[in-house]
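Inside the fold
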Amino acid sequence: MSPTPGTPSGTLGSGAEQPDTYERSLAHWAEQGRAGMEAFYALASEDYRQMVAARNWSADLRRVARDSRVRALDVACGSGKFPAELMRRGLADALAGTTVEVDLLDPSAFSIAEARSVLGPPFVPAAEHEVRLQDLDPSHGDYDVAWATHALYAIPPSELDAGVARMVAALRPGGFGAVVQATTTSHYLRFAELFRAAHSPAGTPFTSAEQVAASLVAAGVTPSVGTLRYTVGSTDRDVVEGFLQRCVFDDSVPLSRMEADGPLGEYLAGCRGPEGYRFVQDVHVLTWDV
Ligand SMILES: C[S@@+](CC[C@H](N)C(=O)[O-])C[C@H]1O[C@@H](n2cnc3c(N)ncnc32)[C@H](O)[C@@H]1O
């Protein structure tokens, strides 16, 4: 299946014919998916706390600033959780007058509007690119920094080399790139694979950090790799159900059915304990200097 950017043809998981991964992503990154998005971030906000705490991002930005100005590309900007967490942790003070002009890239107009609405100092919203990364016009370049944080899962593995090559090419010589992505041992990827096997075996799998690293190498970059391991969880079954459904962009399968589902159920049983559900996340922070 070759999805077309900007055409959210997928339902939120209720249709008889299951749309593929990218279409389900786009259908959920829309106003009709707002409640699911908020349910997801009840647990997934931890992703952004962890990644921002893991690195001295202000030093990275200071290093690539020119004339107290950084030109940034936020790839698959989603609802802007990464810049929001950087702001919350005092990036404006750390940059002391340097502004970060952010171009927002996402095939979802909803995501671009959400991300734009959260940007405040030191960030200044700049251009908008309502396209898939694979389709970014190569004339958009000369960025000082480009980042993609928990952002590349819905790029089909077969198109990942093309997408990552666009991101690499968008950086100027001397620029800095970063991708934060879950590995195959993380909850995100393990759950997605087991869910796919049970409910949409013909669907396109999510891409992993390992695949992103290979695509970076194919694009001529040797990334440095930082690793993060942390757990997220809840005792509230509604919260867990909302989180899990959003993990796979499918609201049609209740938690009780997932729990009864062979290997998927066994995996979930392993995540369950006296303190409710706990999910282990293994995440790579891939960075490179051009
Ligand atoms: C989990 S969000 C990213 C979170 C974001 N980095 C943040 O800081 O909040 C994933 C985003 O990827 C976008 N997306 C899906 N497929 C894409 C593609 N091929 N190229 C670029 N973005 C894509 C979705 O529309 C969605 O907005």
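That block above? That's the structure.
Residues numbered from 1 in each chain as written. Predicted model: local features only at pLDDT ≥ 70, side-chain atom pairs only at ≥ 80, totals over all residues. Heavy atoms only, no water.

Below, the discussion takes up the pairing of strand β8 (residues 276-289). Within β8, 11 of the 14 residues are buried, leaving the element largely enclosed by the surrounding structure. Relative to β8, strand β5 (residues 171-182) runs antiparallel, the two being bridged by seven bridges. Of the residues in β8, the one forming a bridge with Phe 176 is Asp 289. Sheet topology places strand β6 (residues 224-234) next to β8; 11 bridges connect them, and they run antiparallel. Of the residues in β8, the one forming a bridge with Gly 226 is Val 285. Bridge count for strand β7 (residues 272-273) against β8 is two bridges, and the pairing is antiparallel. (Buried < 20%, exposed > 50% of the residue type's maximum accessible area, 1.4 Å probe, protein only. Helix = DSSP H or I, 4+ residues; strand = E, 2+ residues; numbered from the N terminus. Pairing = 2+ DSSP bridges.)

Within the span of helix α9 (residues 209-218), buried status applies to Ala 209, Val 212, Ala 213, Ser 215 and Leu 216. Looking down the long axis of α9, one finds its buried residues gathered within 165 degrees of arc, a one-sided arrangement. Pointing more than 90 degrees away from the buried face of α9 are the exposed residues Val 217 and Ala 218. Contacts made by the buried residues of α9 are with α7 (157-169), β5 and β8. Downstream of α9 by one or two residues, Gly 220 has phi in the positive range, about 90 degrees. (Arc of directions from axis to C-beta. Contact = heavy atoms within 4.5 Å.)

Quick look at the packing of aromatic side chains now. This model, assessed by the stated rule, comprises 14 aromatic pairs. Judged by centre distance (6.1 Å) and plane angle (40 degrees), the ring pair of Tyr 153 and Phe 206 falls under tilted. A residue pair is termed long-range when its members are at least 10 positions apart, and Tyr 153 in the loop between β4 (143-149) and α7 and Phe 206 in the loop between α8 (187-199) and α9 qualify at 53 residues. Using a relative accessible area of 13% as the deciding quantity, one classes Tyr 153 as buried. We note Arg 71 situated over the ring of Tyr 143; from NZ or CZ to the ring centre the distance is 4.7 Å. Over the ring of Trp 29 we find Arg 246; its NZ or CZ atom is 4.4 Å from the centre of that ring. (Phe/Tyr/Trp six-rings, centres within 6.5 Å; stacked < 30°, edge-to-face > 60°. Lys NZ or Arg CZ within 6 Å of the ring centre and 35° of its normal.)

A few words on unusual backbone geometry. Pro 121 connects to Pro 122 through a cis peptide bond whose omega is 10 degrees. For Pro 122, the position within the fold is in the loop between α6 (109-118) and β3 (123-129). Unusually for a residue other than glycine, Asp 67 sits at a positive phi of about 50 degrees. With respect to the helices, strands and loops of the structure, Asp 67 is situated in the loop between α3 (57-64) and β1 (69-75). Positive phi values are uncommon outside glycine, yet Asp 142 reaches one of about 70 degrees. With respect to the helices and strands, Asp 142 occurs in the loop between β3 and β4. Look at Asp 142 and you get partly exposed, because its relative accessible area is 41%.

Moving on to the side chain of Asp 47. Looking at where Asp 47 falls in the secondary structure, it is placed in helix α2 (residues 34-53). The buried charged residue Asp 47 lacks any salt bridge partner; its closest oppositely charged side chain belongs to Arg 49, at an N-O distance of 8.8 Å. Those residues within four positions of Asp 47 in sequence are excluded, and the remaining contacts are His 150, Tyr 188, Tyr 230 and Gln 281. (Lys, Arg positive; Asp, Glu negative; His and termini not counted. Salt bridge = Lys/Arg side-chain N within 4 Å of Asp/Glu carboxyl O.)

Here we take up the nonpolar core. Among the nonpolar cores identified, the biggest contains 60 residues, and Tyr 188, Phe 191, Phe 243, Leu 244, Met 258, Leu 268 and Phe 279 are the most heavily contacted of them. When residues of this core are assigned to their parent elements, the largest contribution, eight residues, is made by α2. Not counting residues within four places of it along the chain, the set of residues in contact with Leu 244 comprises His 187, Phe 191, Leu 255, Met 258, Leu 268 and Phe 279. Among the nonpolar cores identified, the runner-up in size contains 24 residues, and Val 75, Leu 216, Leu 286 and Trp 288 belong to it. (Core = buried A, V, L, I, M, F, W, Y, C linked by side-chain atoms within 4.5 Å.)

Tallied over the entire structure, the rule returns 19 salt bridges. A salt bridge links Arg 63 to Asp 289; the shortest N-O distance between them is 3.1 Å. Here the residue Arg 63 occupies a position in helix α3, and Asp 289 occupies one in strand β8, the gap between them amounting to 226 residues. Assessed through its relative accessible area of 45%, Arg 63 is described here as partly exposed. Across the pair Arg 71 and Asp 103 runs a salt bridge whose closest N-O atoms are separated by 4.0 Å. Here Asp 103 lies in strand β2 (residues 99-105) and Arg 71 lies in strand β1, a separation of 32 residues in the sequence. A cluster of three or more residues bridged by salt bridges with shared partners is formed by Arg 55, Asp 60, Arg 63 and Asp 289.

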